[in-house]
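One letter stands for each residue in the lines below.
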Amino acid sequence: MAAAAVWGRLVRGARGAAARRACSTGARARAPAAAAQELQIPGRGRFLLEHAAPFSPFLTDSFGRQHNYLRISLTEKCNLRCQYCMPEEGVKLTPKSELLTAQEIITLARLFVKEGVEKIRLTGGEPLIRPDVVDIVGQLYKLEGLKTIAVTTNGINLTRLLPRLKEAGLNAINISLDTLVPAKFEFIVRRKGFHKVMEGIHKATELGYRPVKVNCVVMRGLNEDELLDFVDFTKDLPLDVRFIEYMPFDGNKWNFKKMVSYKEMLDTIKQRWPELERLPCETSSTAKSYKVPHFQGQISFITSMSEHFCGSCNRLRITADGNLKVCLFGNSEVSLRDHLRSGASEEELVQIIGAAVGRKKKQHAEPTLMSFPLCQDALQNPSNSKQWGHTFSHWLTLRASLPRQKGKALMKNKLTGQLFLPRSHPEQQWHITGILQTQLRGYCVFQKDSSSTFDTKCLDTSLVGQVSGDCQSKEASSGSEFYTMDLGSCTKVPRASDNLTHTDEEGRATMVDVGGKPDSRRSAVAGAVVLLGEKAFGMVRQNQVKKGDVLAVAQIAGIQGAKLTSQLIPLCHNIPLYHVEVSLSLDEARYAVVIRSSCQTWGRTGVEMEALTAASLAALTVYDMCKAVTHDIVIEDVKLLSKTGGQRGDFSRV
C-alpha cells in the first residue's frame, strides 16, 4: 500500500468521529493519543497517530488552506433565466445518465465528511426542482460530523418544500433576489415569480431560520439604485442581505462597466446610515458584514472582484455531473463520478481528491482589466467610480496604461485617421480630444499643429487646467480652442466646428465639452409607436404573452435604457437623471402600443437622447416579447416631442 494511503488511513483513524465533533481544543488534541491506545498500534504507526495533523492533509492545499466546506450541485436545470447567469435560451444540459444519482451524492458527501468537511451547501441550477431533494437532505443529516446543511435557492418552490426540508434537517438558507420591484424582477429573470420568492423569505423567518440570507447581485444601471431599499428590508426581518459584486461567467456577457464595487456600495449606504456598524466575522468568511443599529437584520458584501478572499478560501465544489472543482473560477476539474462508477475504492478516491486539492492555485484568474494594479486601487475608491459613472471602465483602462506609455510616439489608424498609443487596447484608441473632454486629463494631453504630425505632451495631474504666463485657458464653446499647460508650454486642442457640434475641424467624431455651460433645468419628452397586429395586441391586452407582462417589462426596459444612454450612444455624456418616466398605453384602433417617455435633470447638457433611448428600448422590448406571436410588427414614430432648457431654447413638436 502506498505510503500516502497509509498516512491517510492513520490520520482518519486518529481523528475519528468523536475527535471531529469534539467541542474543545483540549478534546481535539487528546483524540489522536486516545485513538492510538484504543487501537494498540505500535511503533511508527502509533507515532503518526499521536502527532497527526488536526485536519486531513488531503483537504489541505499547498498554501495551508483547510477545506471544510463542500458545495454540491444537484442539477444543471433552473426554472429562471437570470440575465447575469444564463442565456435566455438556456444551456445545453448533460444527459441524466451522466448526472450524479442521489446515492452517489451521499457516497461522496460521506467521504468528504470523514475527511473533515463540516458544512455542505446544495446548489444548482435550482436545487429545489430536483424531485429527491428532501430525501438527499435527510440522508446528509445522518452523516456524523456534518454540522451544517444549507441550500441556495431562487425561492420559487421554497414555500411548498421548506417545512419538509426543515424536518429533514436543513438548517441554513440562501435565497437569490436582485430587486424589490416586481416588474424589474420579471425583466431580470425573464420569468414571473416575485411574490413566490417574497413568500418564501417570510416562510423561512416564520420557521425560525436565523438569519435568512438574501443574495443580491448588484449591477450598474440595473439595480444599484435599490441598495437603500434592500438595507431597509432588514429593519423588521432577521435577514442578512448579501450584496454580491457582479462576476464573470460564461454566457452572462460580463463587462467591467456593470460592476459596482464594495467600496462604492458601502459609501452609498453610509450616506443614509452613517452609524452603520462593522460586525466581526470568521477568518474563512467571504462576507464583510455590517448592521444598522436597532435593525433586526444585517447586510454583507461579497467582494469577489474588488477584494478577493482567495487567501482564506475553504470551499470545494462538486458539479451536477460529478466533477470536483477546487476553484469556482478555475477550468481544472476531476471527474469523481467516473472513478466512482469504475469501482475506485475509498482510499483511491481520497488520493484523487487530495491530488486535486494540492494543485489548487493561490488565487483565481481575474478578468483582463483586473490585472492592472491601478484598477484595484480605483475599485477601492468609490469617489472615482461615481465621478465617471458608466465610463468608469474606460477611465480605468486608460489610467492603468497611460503612465507606462509616457514619452512613446503616437501612431495613426490608417482607416479612421485617429491616433493611439502603440500596443494599446482598442478601447484606448480613442480620439485624443475625446480623452480630454471626458476629463481624463491627468496623464497625457496631445498637441496638434496642422502642418506637422502629432507629438505627445505628458502632464502632471497637478498641472492640468492651470494657466500661467502666456498660456491662458479660454472658455470652451463651439468652434473655440482649449489650451492647457505643459511645464510652461501651451497645448492647443481644437474644439467642435460651428456646423456640427460632434465633429472637429477635420470632420472626426468628438464629444462636446460642456464644461463652460451653465447649469439649468433640462427636460425632454419622446415617443414611439409599436404596431402589433390584432392577435398580438389582444394577447398583450389580456396579459397572455408567455414571456410575461409586456407593458410592465417594457416600462422597466425603457427606464433602464435612459440610464444607460451614455453606454449605448458613444458621444453622449454620462449625466445624472433626476426623474425618468415611461408610460405605455394601448391604442385599439391601430392595434398599437403607444409609448411616451420623459427625462429630467439639472445640468449642463440636455436629456433628449435619454428620452429617445427610453422610448426606443421600450419599443424594442415590446417587439422582443411579442415576436413569438408574429414578426409582422412595426416600430414607428420614434421622435422627440418636446424639450426645455439649453442655449438653443425650448422645442415642442406641433
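For the structure, see preceding data.
Residues numbered from 1 in each chain as written. Predicted model: local features only at pLDDT ≥ 70, side-chain atom pairs only at ≥ 80, totals over all residues. Heavy atoms only, no water.

Asker: How should the overall build of the chain be read in this particular structure?
Answerer: A tally of regular secondary structure across the chain gives 20 helices and 23 strands. When each of the 654 residues of the chain is scored for burial, the buried share is 51%. Surface exposure of the chain reaches about 30,800 Å², of which carbon and sulfur atoms provide 52%. (Helix = DSSP H or I, 4+ residues; strand = E, 2+ residues; numbered from the N terminus. Buried < 20%, exposed > 50% of the residue type's maximum accessible area, 1.4 Å probe, protein only. Areas by Shrake-Rupley, 256 points an atom, 1.4 Å probe, with all protein chains shown as cover.)

Asker: Explain the state of the cysteines to me, please; I cannot follow it from the model alone.
Answerer: Formally, a disulfide is one covalent bond, and it connects the sulfur atom of one cysteine to the sulfur atom of another. All told, the structure shown has zero disulfides when counted by the stated rule. Of the cysteine sulfurs around Cys78, a residue in no disulfide, the closest is that of Cys82, at 6.2 Å. With a relative accessible area of 22%, Cys78 lands in the partly exposed category. (Disulfide = S-S within 2.5 Å.)

Asker: What am I meant to see in the packing of helix H5 (residues 133-141) against helix H6 (residues 158-168) here?
Answerer: The relative placement of two packed helices comes down to the angle between their axes together with the axis-to-axis distance. At a minimum axis separation of 8 Å, H5 and H6 run at an interaxial angle of 20°. Between H5 and H6, the interaxial angle falls into the category roughly parallel. Classified by chirality, the crossing of H6 by H5 is right-handed. Of the residues in H6, those touching H5 at Val133, Val134, Val137, Gly138 and Tyr141 are Leu161, Arg164, Leu165 and Ala168. Within the contact of H5 with H6, the residues separate by chemical class into seven nonpolar, one polar and one charged. (Axes fitted to C-alpha atoms, helices over the stretch in contact; angles between N-to-C directions. Parallel < 35°, antiparallel > 145°, perpendicular 65-115°, else oblique. Left-handed = near helix turned anticlockwise from the far one by under 90°. Contact = heavy atoms within 4.5 Å. Nonpolar A, V, L, I, M, F, W, Y, C, P; charged D, E, K, R; others polar.)

Asker: Got a minute to help me understand the side chain of His573 in this structure?
Answerer: With respect to the helices, strands and loops of the structure, His573 is situated in the loop between helix H19 (565-568) and strand S20 (579-587). Given a relative accessible area of 15%, His573 falls into the buried group. His573 has contacts with Met511, Val512, Val514, Ser566, Thr605 and Glu610, leaving out every residue within four places of it along the chain.

Asker: Explain the pairing of strand S21 (residues 592-603) here, please?
Answerer: For a regular strand, side-chain orientation follows a simple rule: the groups alternate between the two sheet faces. Of the strand pairs in this sheet, strand S19 (residues 520-531) and S21 are connected by 12 bridges, and their pairing is antiparallel. For Val525, the partnering residue across the bridge sits in S21 and is Ser598. Across nine bridges, the pairing between S20 and S21 is antiparallel. The partner of Ser585 across the bridge, within S21, is Val594. Counted between consecutive antiparallel strands, the loop separating S20 from S21 contains four residues, among which Tyr591 sits at a positive phi close to 50°. (Pairing = 2+ DSSP bridges.)

Asker: Sorry if this is basic, but what is going on with the environment of Ser520 here?
Answerer: Mapping Ser520 onto the fold places it in strand S19. Sequence separation between Ser520 and Gly646 is 126 residues; the distance between their C-alpha atoms is 7.2 Å. Excluding residues within four positions of it along the chain, Ser520 makes contact with Thr601, Trp602, Gly603 and Gly646. A distance of 2.8 Å separates the side chain of Ser520 from the side chain of Arg522, its partner in a polar contact. (Polar contact = N/O pair within 3.5 Å; in protein donor to acceptor, adjacent residues only side chain to side chain.)

Asker: Just checking my understanding: could you explain helix H17 (residues 534-541) for this structure?
Answerer: Residues spaced three or four apart along an α-helix face the same direction, because each turn holds 3.6 residues. When we look at burial in H17, the residues that qualify are Ala536, Phe537, Gly538 and Val540. Buried residues along H17 sit against helix H18 (550-563), S20, S21 and helix H20 (608-626). Of the residues flanking the end of H17, it is Asn543, one or two places downstream, whose phi is positive at about 55°.

Asker: Just checking my understanding: could you explain the pattern of salt bridges for this structure?
Answerer: Between side chains of opposite charge, pairing is possible as soon as their charged atoms come close. Counted according to the given criterion, the structure contains 17 salt bridges. Residue Lys147 is joined to Glu118 by a salt bridge in which the shortest nitrogen-to-oxygen separation is 3.5 Å. A residue pair is termed long-range when its members are at least 10 positions apart, and Lys147 in the loop between H5 and strand S3 (148-153) and Glu118 in the loop between helix H4 (102-114) and strand S2 (119-123) qualify at 29 residues. When the shortest N-O distance is used, the salt bridge between Glu333 and Lys325 registers 3.5 Å. A residue is classified by how much of its surface remains accessible, and Glu333, at 39% relative accessible area, is partly exposed. According to the relative accessible area criterion, Lys325 is buried, its value standing at 11%. (Salt bridge = Lys/Arg side-chain N within 4 Å of Asp/Glu carboxyl O.)

Asker: Looking at this structure, how should I read the sheet that holds S19?
Answerer: The strands that make up a sheet are held in pairs by hydrogen bonds between backbone atoms, and each pair lies either parallel or antiparallel. Spatially, S20-S21-S19-S22-S23 is the arrangement adopted by the five strands of the open sheet, whose pairing is antiparallel. Of all the strands in the sheet, just S20 and strand S23 (651-652) have a single pairing partner and so form its edges. Against the sheet, H18 makes contact with S20 and S21, and its axis sits at roughly 145° relative to S20, the strand it touches most.

Asker: Looking at this structure, how should I read the nonpolar core?
Answerer: Nonpolar side chains in soluble globular proteins generally cluster together in the buried interior. Counting 136 residues, the largest nonpolar core has Phe112, Ile120, Leu140, Phe243, Leu532 and Ile595 as its most contacted members. With nine residues, H20 is the single largest residue contributor to this core. Aside from chain neighbours lying at most four places away, what touches Ile120 is Leu70, Ile72, Ala109, Val113, Leu140, Leu146, Thr148, Ile149 and Ala150. (Core = buried A, V, L, I, M, F, W, Y, C linked by side-chain atoms within 4.5 Å.)

Asker: Got a minute to help me understand the pairing of strand S6 (residues 239-245) in this structure?
Answerer: Taken across its seven residues, S6 has seven buried, putting it largely inside the fold. Neither face of S6 is exposed, since Leu239, Val241, Phe243 and Glu245 on one face and Asp240, Arg242 and Ile244 on the opposite face are all buried. With seven bridges joining them, strand S5 (residues 212-218) and S6 adopt parallel strand pairing. For Val218, the partnering residue across the bridge sits in S6 and is Glu245. In this view, the connection linking S5 to its parallel neighbour S6 by way of helix H9 (residues 227-233) has right-handed handedness. Relative to strand S9 (residues 298-302), S6 is paired through five bridges, and the arrangement is parallel. Within S9, the residue paired with Arg242 across the bridge is Ser300. (Right-handed = clockwise from strand over helix to strand, strands pointing away.)

Asker: Is there a simple way to think about the environment of Asp650 in this case?
Answerer: Considering the arrangement of structural elements, one finds Asp650 in the loop between strand S22 (634-644) and S23. For the pair Asp650 and Ala524, spaced 126 residues apart in sequence, the C-alpha to C-alpha distance is 9.6 Å. Sequence-distant contacts of Asp650, that is, excluding residues within four places in its chain, are made with Lys643, Thr644 and Gly645. A polar atom in the side chain of Asp650 sits 3.0 Å from the backbone nitrogen of Gly645.

Asker: Even after reading the chapter, I still don't get a nonpolar patch on the surface, so can you show me in this structure?
Answerer: Residues Leu620, Ile635 and Val638 make up a contiguous nonpolar surface patch of roughly 220 Å² in combined accessible area. Here Ile635 is to be found in strand S22. Taking the relative accessible area as the measure of exposure, Ile635 reaches 32% and is therefore partly exposed. (Patch = residues over 30% accessible without salt bridge, like charges linked within 9 Å, V, L, I, M, F, W, Y side chains within 5 Å.)

Asker: How should the sheet that holds strand S11 (residues 323-325) be read in this particular structure?
Answerer: On the basis of which strands lie adjacent, the open sheet formed by 12 strands has the order S7-S8-S9-S6-S5-S4-S3-S2-S1-S10-S11-S12 and mixed pairing. The two strands at the open ends of the sheet, each matched to only one other strand, are strand S7 (277-278) and strand S12 (334-335). Examined bridge by bridge, strand S1 (residues 69-73) and strand S10 (residues 315-318) share four bridges and lie parallel to one another. For Ile72, the partnering residue across the bridge sits in S10 and is Ile318.

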